[in-house]
Amino acid sequence: MAEARKEIEIKEVLSDEIVKTVTFKIKKFDPEKDSKPHYTEYQVPVYRGMTVLDGLLYVKEDVDGTINFRYSCRMGICGSCGMFINGKPRMACMTQILELNSDVIEIAPLPNYDNIRDLVPDSTPLFEKHKKIKPYLIREDTKEQENPIGEYYQTPEEHEYYSQFSFCIKCGLCYAACPSVASDPEYLGPQALTQAYRYSVDTRDEGFLERVMVVDDPHGCWRCHYAGVCSEVCPKGVDPAKAIQLLKGLILKYRLGLKKKRRGAGVIPAHPRPNIKKAPKRTVPQES
């Protein structure tokens, strides 16, 4: 009996039967035609399991082909489809229409970004600030990095120390939700600061002092007032608010002389195994 009921429930979830019709109220803006943004309404038939992204694709394919928005993977990995949905930054592909419990779905581009067109934000500031904090392993032994003889030693416990903060998909929702970004466009923002902490506590990294010069600044981590909305909207549970507070602690220890320069983890020499082929040669020439 239980198995039969479960089978019925699965069929209902996978069914294409229309459950209801909702209104998509979409903010549109074409810089070549419009003097200011405006809302346009569309009627969207909804079936169980349908996401906001599915609804937008229905509008674009069957109703209005001029609407513009970003998407790629459709499964919460690429971070492309961030939008302001019913007053909150969300991933369109991860937002179930029926779970919004509303007959009107208002969709706008993410705040704290310039608007390129319709639902497409200009993500340039997000990536430029991400680039500023040097989001990669910095080592003194650059020769080893470019021509590795093995992998850097790191225990599972050491990896666990920062792994939560490495799940960032750069969707920009935290940046859109942050009130400090809204009041200070030069503020690095939660995404960049989280990655600054992630790499600084990686035992393989030796670049903390280089990042301090960037994040220990009036527009750096001290601009965060711990509103916590960045962590609330993060679709991957990264918790940027926590990372920023931990970063502040690292900097204070450094300024008080309690944090010494750390030598990065050593290298575990590779053990050649005859049954594994060698890696192919580089296809891109190295800089001299």
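Residues numbered from 1 in each chain as written. Predicted model: local features only at pLDDT ≥ 70, side-chain atom pairs only at ≥ 80, totals over all residues. Heavy atoms only, no water.

Our focus in this paragraph is the packing of aromatic side chains. All chains considered together, the criterion is met by four aromatic pairs. Ring geometry for Phe69 against Tyr71: centres 5.7 Å apart, planes inclined by 35°, an arrangement best described as tilted. Judged by centre distance (5.9 Å) and plane angle (85°), the ring pair of Phe208 and Tyr254 falls under edge-to-face. In this pair, Phe208 sits in helix α9 (residues 208-215) while Tyr254 sits in helix α11 (residues 240-255), placing the two residues 46 residues apart along the sequence. Taking relative accessible area as the criterion, Phe208 reaches 10% and is therefore assigned buried. For Tyr254, a relative accessible area of 28% corresponds to the partly exposed category. Lys25 extends its terminal NZ or CZ atom over the ring of Tyr39, reaching a point 5.2 Å from the ring centre. Taking the ring centre of Tyr152 as reference, the NZ or CZ of Arg139 above it sits at 4.0 Å. (Phe/Tyr/Trp six-rings, centres within 6.5 Å; stacked < 30°, edge-to-face > 60°. Helix = DSSP H or I, 4+ residues; strand = E, 2+ residues; numbered from the N terminus. Buried < 20%, exposed > 50% of the residue type's maximum accessible area, 1.4 Å probe, protein only. Lys NZ or Arg CZ within 6 Å of the ring centre and 35° of its normal.)

This next bit is on the domain arrangement of the chain. In terms of domains, the chain is made up of domain 1 (2-122) and domain 2 (124-269). The gap between the C-alpha centroids of domain 1 and domain 2 is 32 Å. Of all residues in domain 1, the largest losses of buried area upon contact with domain 2 belong to Pro89, Asn112 and Tyr113, amounting jointly to 43% of the total for that side. Taken together, the links from domain 1 to domain 2 amount to one salt bridge. Between the two partners, domain 1 and domain 2, sit six residue pairs in polar contact (both at pLDDT 80 or more). Of all elements in the fold, only β3 (82-85) and β4 (88-91) reach the threshold of two or more residues within the side of domain 1 that touches domain 2. Of the residues forming the side of domain 1 that touches domain 2, the biggest block, four residues, is contributed by β4. Taken together, the residues that form the side of domain 1 that touches domain 2 break down as nine nonpolar, four polar and three charged. (Domains from an automatic or database assignment. Buried area = accessible area lost by both parts, 1.4 Å probe. Salt bridge = Lys/Arg side-chain N within 4 Å of Asp/Glu carboxyl O. Polar contact = N/O pair within 3.5 Å; in protein donor to acceptor, adjacent residues only side chain to side chain. Nonpolar A, V, L, I, M, F, W, Y, C, P; charged D, E, K, R; others polar.)

A few words on the sheet that holds β3. Taken in spatial order, the five strands make up an open sheet running β2-β1-β5-β3-β4, and their pairing is mixed. Of all strands in the sheet, those with a lone pairing partner are β2 (38-47) and β4, marking the two edges. Recorded for the sheet is a direction-independent mean angle of 35° between the axes of neighbouring strands. Strand direction decides the pairing type here: strand β1 (residues 18-28) and strand β5 (residues 104-108), joined by four bridges, are parallel. The residue bridging Phe24 from the neighbouring strand is Ile105, located in β5. Contacts from helix α2 (residues 52-62) reach β1, β2, β3 and β5 within the one sheet, and its direction differs from that of β2 by about 110°. (Pairing = 2+ DSSP bridges. Axes fitted to C-alpha atoms, helices over the stretch in contact; angles between N-to-C directions. Contact = heavy atoms within 4.5 Å.)

Turning next to a nonpolar patch on the surface. Side chains of Trp222, Leu252, Leu256 and Leu258 sit close together on the surface and give an oily, nonpolar patch of about 440 Å² of accessible area. Turning to its location among the elements, Leu258 is positioned in the loop between α11 and β9 (267-269). The class for Leu258 is exposed, based on a relative accessible area of 64%. (Patch = residues over 30% accessible without salt bridge, like charges linked within 9 Å, V, L, I, M, F, W, Y side chains within 5 Å. Areas by Shrake-Rupley, 256 points an atom, 1.4 Å probe, with all protein chains shown as cover.)

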